[in-house]
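One-letter residues, chain by chain:
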Amino acid sequence: MLPKQLHDLQKFFQKFPGIGPRQASRFSFFLMKQNHSEIDKLINALENLKKDVSVCNECYMPTAKNANCTICTDTKRDKSALCIVEKESDAINMEDAGIYKGRYLVLGETISPIGESKTAKERLKKFTSQLKNDDDKKEVVLALNNTKEGNFTSMYIKKLFDENLEEGKVKITRLGRGLSTGSELEYADDETLKNAFESRK
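Let us now look at the overall build of the protein chain. Within the protein chain, the secondary structure is distributed over seven helices and six strands. Counted from the first residue to the last, the protein chain has its helices and strands arranged as α-α-α-β-β-β-α-β-α-β-α-β-α. Here the protein chain holds 201 residues, and 37% of them are scored as buried. Counting contacts in the protein chain only where the partners sit at least 6 residues apart, residues at least 24 apart contribute 53% of the total.

A few words on a nonpolar patch on the surface. Taken together, the side chains of Met 1, Leu 2, Phe 29 and Met 32 present a nonpolar region at the surface, about 490 Å² in accessible area. Along the chain, Met 1 turns up in the segment before helix 1 (4-13).

What follows deals with the pairing of strand 5 (residues 138-142). A large share of strand 5 lies buried, amounting to five of its five residues. Of the two faces of strand 5, the one lined by Lys 138, Val 140 and Leu 142 and the one lined by Glu 139 and Val 141 are each fully buried. For strand 3 (residues 81-85) and strand 5, the ladder comprises four bridges, and the chain directions are parallel. Pairing of Ala 81 across the sheet is with Glu 139, part of strand 5. By the bridge criterion, five bridges tie strand 5 to strand 6 (residues 170-174) in an arrangement that is parallel. Within the sheet, the bridge partner assigned to Glu 139 lies in strand 6 and is Lys 171. The handedness of the strand 5 to strand 6 crossover, carried by helix 6 (residues 148-164), is right-handed.

Cut-off values and rules
Residues numbered from 1 in each chain as written. Predicted model: local features only at pLDDT ≥ 70, side-chain atom pairs only at ≥ 80, totals over all residues. Heavy atoms only, no water. Helix = DSSP H or I, 4+ residues; strand = E, 2+ residues; numbered from the N terminus. Buried < 20%, exposed > 50% of the residue type's maximum accessible area, 1.4 Å probe, protein only. Contact = heavy atoms within 4.5 Å. Patch = residues over 30% accessible without salt bridge, like charges linked within 9 Å, V, L, I, M, F, W, Y side chains within 5 Å. Areas by Shrake-Rupley, 256 points an atom, 1.4 Å probe, with all protein chains shown as cover. Salt bridge = Lys/Arg side-chain N within 4 Å of Asp/Glu carboxyl O. Pairing = 2+ DSSP bridges. Right-handed = clockwise from strand over helix to strand, strands pointing away.

As structure tokens, this is what we get:
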């Protein structure tokens, strides 16, 4: 019933996290009603994203191509603290709350007991290798979602550190009270995040 071009656009929007068929249709119809100048702005934004945006070599947060992010290059940040999160939005939520002054490591995904989780494992392997040659004692905060997937990822990280780092090399803590089972950091309010950070152990 719909033109193929519109149908293809709807299918693309359905790939977005949390977007179902109805919402994808709304997005497509909305774009169809925009004038050409608005469509051109969207096209330019996507072209610029493709051309100029990459991920930081250190923490994997979004940044300009061939450059480390503003967090990793900030000399005022606490280099002895590193917070491991699943998604970029988790780190952004913490920054907005102003509760953490260290650095981050974005896994990009949780680690599955049955799937490959290639991206997260490669990033953790690189980070663990860097820790071996780092003389500073560090605190690694596991700020992962309080879900089955997040908890399994935390166990994987602890085991990886135990197998590859000397005892006492890092202090591993997890977010404490405030985050209920099944909750996601991305949607936690500032006070909840603050309580969870202050009670980490």
